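Structural features, examined
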Amino acid sequence: MRRFIRASAVAVPLLLFSGFLLIAGRQVLWSAIPFILALILFLAFPYYLTDDSSLETQRDDADMGWLLWVRQVAWFAILFWFLNQPEVEAFQKRAIDEGGLWDWRLITAVAVVTLCSVVWGLKRATLVSDSAIYRYFTSSDRPAASPTKA
């Protein structure tokens, strides 16, 4: 399992980088394949697992129920407003339709970020403990075995 987690730590950033290159090369539909593969690998073999419960964010009662939904709808409305601005449409046209992302400076910067992400992922993958792996792959969705039920 550790080998798969380490392989995921390398493959996920590289797949994301290849998806970016496909978008930069104006192959937007083909870029979905590496993005979907990266998501599947990231969820199947996560390299961010930790045993430390203090790192997990604890939800407050104010973060539950109707208030959570109202906040999410408000953020969605802000995002929808932002994406409907003419400047965003002009940027999208310039970046994707006219090949504005195919610039060596941007590609070099994204490649450096990808390399740093691979190194960070490999460091995180070596810190994953057996108990964290076991806890992740034995989800709490299934009902626990009860000693009274045979």
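Quick look at the structure, then. What you see is a predicted model, and the numbers here were worked out from it, not measured in a lab.

Attention shifts here to the overall build of the protein. Looking only at helices and strands, the protein has 6 helices and 0 strands in total. Reading the protein from its N end, one meets helices and strands in the order α-α-α-α-α-α. Every one of the 150 residues in the protein was classed for burial, and the buried ones make up 21%. Considering only residue pairs separated by 6 or more positions, the protein has 79% of its internal contacts joining residues 24 or more positions apart. Within the structure as shown, the protein displays about 11600 Å² of accessible surface, and the carbon and sulfur contribution to it stands at 68%.

Residues Trp30, Ile33, Ile36, Leu37 and Ile40 make up a contiguous nonpolar surface patch of roughly 520 Å² in combined accessible area. Within the fold, isoleucine 36 resides in helix 2 (residues 28-44).

What follows concerns the packing of aromatic side chains. Evaluated as defined, the whole model comprises 5 aromatic pairs. Seen in terms of ring centroids, phenylalanine 42 and tyrosine 47 are 5.8 Å apart; in terms of plane orientation they differ by 80 degrees. Their pairing is edge-to-face. Chaining the aromatic ring pairs together yields one cluster made of Phe42, Tyr47 and Trp120.

For the rest of this paragraph, the subject is the packing of helix 1 (residues 2-24) against helix 5 (residues 104-127). Here helix 1 crosses helix 5 at 165 degrees, and the two axes come no closer than 9 Å. In this view, helix 1 runs roughly antiparallel relative to helix 5, as classed from their interaxial angle. Every pair of crossing elements has a handedness; the one defined by helix 1 and helix 5 is right-handed. Contact residues: Arg2, Ile5, Arg6, Ala9, Val10, Pro13, Leu14, Phe17, Phe20 and Leu21 in helix 1; Leu106, Ile107, Val110, Ala111, Thr114, Ser117, Val118, Gly121, Leu122, Ala125 and Thr126 in helix 5. The residue inventory of the contact of helix 1 with helix 5, partitioned by class, reads 15 nonpolar, 4 polar and 2 charged.

Cut-offs applied
- Residues numbered from 1 in each chain as written.
- Predicted model: local features only at pLDDT ≥ 70, side-chain atom pairs only at ≥ 80, totals over all residues.
- Heavy atoms only, no water.
- Helix = DSSP H or I, 4+ residues; strand = E, 2+ residues; numbered from the N terminus.
- Buried < 20%, exposed > 50% of the residue type's maximum accessible area, 1.4 Å probe, protein only.
- Contact = heavy atoms within 4.5 Å.
- Areas by Shrake-Rupley, 256 points an atom, 1.4 Å probe, with all protein chains shown as cover.
- Patch = residues over 30% accessible without salt bridge, like charges linked within 9 Å, V, L, I, M, F, W, Y side chains within 5 Å.
- Salt bridge = Lys/Arg side-chain N within 4 Å of Asp/Glu carboxyl O.
- Phe/Tyr/Trp six-rings, centres within 6.5 Å; stacked < 30°, edge-to-face > 60°.
- Axes fitted to C-alpha atoms, helices over the stretch in contact; angles between N-to-C directions.
- Parallel < 35°, antiparallel > 145°, perpendicular 65-115°, else oblique.
- Left-handed = near helix turned anticlockwise from the far one by under 90°.
- Nonpolar A, V, L, I, M, F, W, Y, C, P; charged D, E, K, R; others polar.

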